[in-house]
Amino acid sequence: MPSTSPSQPLPVSAGFDPEKAGKRAECDGGGPAVTAKYATREDFAGTLTGEYVDHGNPPWRWYLMVDLTRKPEGYAWDSVWCESESIYLIDERK
Amino acid sequence: MAKNPLHTKLCDMLGIEFPIIAFTHCKDVVAAVTNAGGFAVLGEAMHTPDEIAADIKWIRSRVGDKAFGIDLVLPASVPPTGDLNELKKKIPETHWNFWLDMKKRHNIPDPKGQVALHQWGGLNQEIARKQLDVLLEERVPVICSGLGNPAFILKTAHERGIKVFGLVGKARQAKKEAEAGVDAIIAQGIDAAGHTGPIGTFSIVPECVAVAGDTPIIAAGGVTTGKHLAAALCLGAVGVWTGTLWLASRESDNDMIIKEKLIEATADDTVYSDCISGFPMRILKCAWTEEWAKPEAPKVLPAPYQMLLSSDYIQAANDHRRPDLMTEAAGQGVRFITAMKPARQIVFDMVEEALATFEELTGAAAE
């Protein structure tokens, strides 16, 4: 079932996944480019802390990536939230 | 009689006549293409959940039981904070001055109303999730994810009879989405309009076909003619995803000035530039792109700063309908758009040319 009606707050829950903690990863990230109505693509690489947040039900899981070794030029932050299915673990890459 | 080469797995999956998908932000184009035997997807990333629900009802009133899709931009990464007003304060003075000087030299007026970007407020997980919930609630026939991996929603969508498509720019994304169980994957090349992956259509399509197993691949990027459609099928795709093609159609709600610019444009009139949003995207050249390409221009800012800087320009250009200032995302196939045709005619012309191409190649007549 969808998680909410548009007027209700979205159920959000935070947690910690020890399996992911400390893993080096890449994220094929991105978001909307508002003025142009289209999506942008952004690449990140860094270390997952293991912290996650689930948005809605069924849960849409996001992991926190820190110690960024690759990020878009000028990216102003030291960390990024990455959608779980957009993450590629570097040390498990075939 | 030879098998009809245009009757693909995609036609069976969606109950359509031709394997042509129109991506558009205009509801009238959705209705026209759907009723002509193609498939259409309405881009709704910028809309509120209520607006999306209203659009779905409108489309259903025009196409009946025929299948259509809604595209959302599911974010795949989000910065820890994202207050637009705070971000705007961080834009360097040199960049504001460059914009103000350009504004004076090109006699660019102020926007007439509030800038849409500033009212919209951005897209985070919560807003995207609520948009998605409307699509599930309304049981839209196809949900398309224009960016992020839609794996988390697959089970719920499939339980409701909804198909889910994902758009990718790299083969590894296609592999992951195929393994998750998406119903089809759109492989988009750098030839496309807007923000794209770094790989050309002729390479990304067969790469994705090779890694996606039984999951059908749809080709995107520069697809504008029947010959492109035929070529895409030869690359292993089951259909094509087209965007620029519909921007100058009779039904399109684009400004006539933009339609005229698209009809006159060739690939050389497009530019792959990061000066609008901070990310490279293919658009029609305009005063803004020309100014930022000059050697004396400051370095383009990263997203989201550059799009905050460009938003006044874009809004002013559209509000005042200045042909020299206005721009639109456009793919490299734009030169093949030569007239303002009805969407139905565009579908039929594409089909006719594709069939003729196959006939030329094989010497066999299609059914």
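The residue count restarts for each chain, going from 1 along the sequence in the order it is written. Chain letters and ligand numbers both follow the written order, the letters beginning at A and the numbers at 1. A pLDDT threshold of at least 70 governs which residues receive local features in this predicted model, and a stricter bar of 80 or more applies before side-chain atom pairs are shown or counted, although totals over entire chains, interfaces and linings include all residues.

1. Overview of the interface of chain B and chain A
Part 1 of the reasoning: Listed per partner, the contact involves 55 residues of chain B and 42 residues of chain A.
Part 2 of the reasoning: Per the convention used, a helix needs a DSSP run of H or I reaching at least four residues, while a strand needs a run of E reaching at least two, with both numbered from the N terminus. For the side of chain B that touches chain A, the secondary-structure elements that each account for two or more residues are α3 (49–63), β4 (77–78), α6 (116–120), α7 (125–137), α8 (154–159), α9 (171–180), β8 (194–195) and α14 (305–320) of chain B.
Part 3 of the reasoning: Here the element with the most residues in the side of chain B that touches chain A is α7(B); it accounts for eight residues.
Part 4 of the reasoning: Under the grouping applied here, Gly and all other residues not named as nonpolar or charged are polar, the nonpolar ones being Ala, Val, Leu, Ile, Met, Phe, Trp, Tyr, Cys and Pro and the charged ones Asp, Glu, Lys and Arg. Split into classes, the residues belonging to the side of chain B that touches chain A amount to 28 nonpolar, 17 polar and ten charged.
Part 5 of the reasoning: For two strands to count as paired, DSSP must find a minimum of two bridges between them. As paired elements, strand β5 (residues 80–83) of chain A and β4(B) share two bridges and run antiparallel to each other. Counted as the bridge partner of A:Cys82 is B:Ser77 from β4(B). Contact between two residues is assigned when their C-beta atoms, built from the backbone, lie within 7 Å.

2. A short note on the sheet that holds strand β7 (residues 184–188) of chain B
Part 1 of the reasoning: Strand order in the closed barrel formed by eight strands is β1-β2-β3-β5-β6-β7-β9-β10 (chain B), and the pairing between neighbours is parallel. The sheet shows a mean angle of 25° between the axes of neighbouring strands, direction not considered. Lines fitted to C-alpha atoms define the axes here, with helix axes fitted over just the stretch in contact, and angles between the N-to-C directions of these axes take values from 0 to 180 degrees.

3. Quick word on unusual backbone geometry
Part 1 of the reasoning: With omega at 5°, the peptide bond leading from A:Asn57 into A:Pro58 counts as cis.
Part 2 of the reasoning: Residue position: A:Pro58 is located in the loop between β3 (38–55) and β4 (60–70).
Part 3 of the reasoning: With phi around 50°, B:Asn107 is a residue other than glycine that occupies positive phi space.
Part 4 of the reasoning: Among the secondary structure elements, B:Asn107 is positioned in the loop between α5 (93–105) and α6.
Part 5 of the reasoning: To sort residues by exposure, count the other C-beta atoms lying within 10 Å of each residue's C-beta; 20 or more gives buried, 12 or fewer gives exposed, and values between give partly exposed, all with C-beta atoms placed from the backbone. Taking the C-beta count within 10 Å as the criterion, B:Asn107 has 9 such neighbours and is therefore assigned exposed.
Part 6 of the reasoning: Phi at B:Arg139 is positive, roughly 50°, even though this residue is not glycine.
Part 7 of the reasoning: Note that B:Arg139 resides in the loop between α7 and β5 (142–145).

4. Observations regarding the packing of α3(B) against α7(B)
Residues and elements named next belong to chain B.
Part 1 of the reasoning: Relative orientation of the contacting elements α3 and α7 amounts to 25°, with a least axis distance of 9 Å. Compared by their axis directions, α3 and α7 come out roughly parallel. For the pair α3 and α7, the crossing hand works out as right-handed. In this structure, α3 uses Pro 49, Ile 52 and Ala 53 to contact α7, whose residues at the interface are Lys 130, Gln 131 and Val 134.
Part 2 of the reasoning: Taken together, the residues of the contact of α3 with α7 sort by class into four nonpolar, one polar and one charged. Put simply, angles under 35 degrees are roughly parallel, angles over 145 are roughly antiparallel, angles from 65 to 115 are roughly perpendicular, and the rest are oblique. The handedness criterion is simple: a crossing whose near helix is rotated anticlockwise from the far helix by less than a right angle is left-handed, and one whose near helix is rotated clockwise is right-handed.

5. Notes on the nonpolar core
Part 1 of the reasoning: Connectivity within a nonpolar core runs through C-beta atoms within 7 Å, and the core itself is a set of buried Ala, Val, Leu, Ile, Met, Phe, Trp, Tyr and Cys residues. Membership of the largest hydrophobic core comes to 123 residues, with the highest contact counts inside it found for B:Ile185, B:Ala187, B:Cys208 and B:Ile218.
Part 2 of the reasoning: Counting 13 residues, the second-largest nonpolar core is a separate cluster that includes A:Cys27, A:Trp62, A:Val80 and A:Trp81.

6. Thoughts on the sheet that holds strand β11 (residues 270–273) of chain B
Residue and element names in this part refer to chain B.
Part 1 of the reasoning: One open sheet holds the three strands; their spatial order is β8-β12-β11, and the pairing between them is antiparallel. The open sheet has two free edges, formed respectively by β8 and β11, since each of these has just one partner strand.
Part 2 of the reasoning: Alignment of β11 against strand β12 (residues 281–284), held across four bridges, turns out to be antiparallel. By the bridge assignment, Ser 273 is partnered in β12 with Met 281.

7. Notes on the confidence of the model for chain B
Part 1 of the reasoning: Residue-level confidence of the predictor, termed pLDDT, takes values from 0 up to 100. In this model, chain B carries an average pLDDT of 91, and 94% of its residues clear a pLDDT of 70 or more.
Part 2 of the reasoning: Among the prediction metrics, the complex's ipTM stands at 0.81, with pTM recorded as 0.88.

8. Observations regarding the domain arrangement of chain B
All names here are of chain B.
Part 1 of the reasoning: What marks off one domain from the next here is an automatic or database domain assignment. Taken as a whole, chain B is organised into domain 1 (9–78 + 122–252 + 338–362) and domain 2 (84–120 + 256–320).
Part 2 of the reasoning: For domain 1 versus domain 2, the distance between C-alpha centres works out to 28 Å.
Part 3 of the reasoning: Tallying the contact residues gives 13 residues for domain 1 and eight residues for domain 2.
Part 4 of the reasoning: Across the side of domain 1 that touches domain 2, the residue classes break down as seven nonpolar, six polar and no charged.

9. Observations concerning helix α11 (residues 226–234) of chain B
Residue and element names in this part refer to chain B.
Part 1 of the reasoning: Within α11, burial applies to Gly 226, His 228, Leu 229, Ala 230, Ala 232 and Leu 233.
Part 2 of the reasoning: Those residues of α11 that are buried lie in contact with β1 (20–24), α10 (201–211), β9 (217–220), β10 (239–242) and α15 (343–362).
Part 3 of the reasoning: Positioned one or two residues after α11, Gly 236 has a phi angle of 110°, which is positive.

10. Things to note about the pairing of β5(B)
Residues and elements named next belong to chain B.
Part 1 of the reasoning: With burial as the criterion, each face of β5 is covered, one bearing Val 142 and Cys 144 and the other bearing Ile 143 and Ser 145.
Part 2 of the reasoning: In this structure, strand β3 (residues 69–72) lies alongside β5, joined through four bridges in parallel fashion. Counterpart to Leu 72 in the pairing with β5 is Ser 145.
Part 3 of the reasoning: Relative to strand β6 (residues 163–168), β5 runs parallel, the two sharing four bridges. Its bridge partner lying in β6, Val 142 is registered against Lys 163.
Part 4 of the reasoning: For the handedness criterion, the strands are oriented away from the viewer, and a crossover whose path from the first strand over the helix to the second runs clockwise is classed as right-handed. Once you follow β5 into α8 and on to β6, the crossover reads as right-handed.

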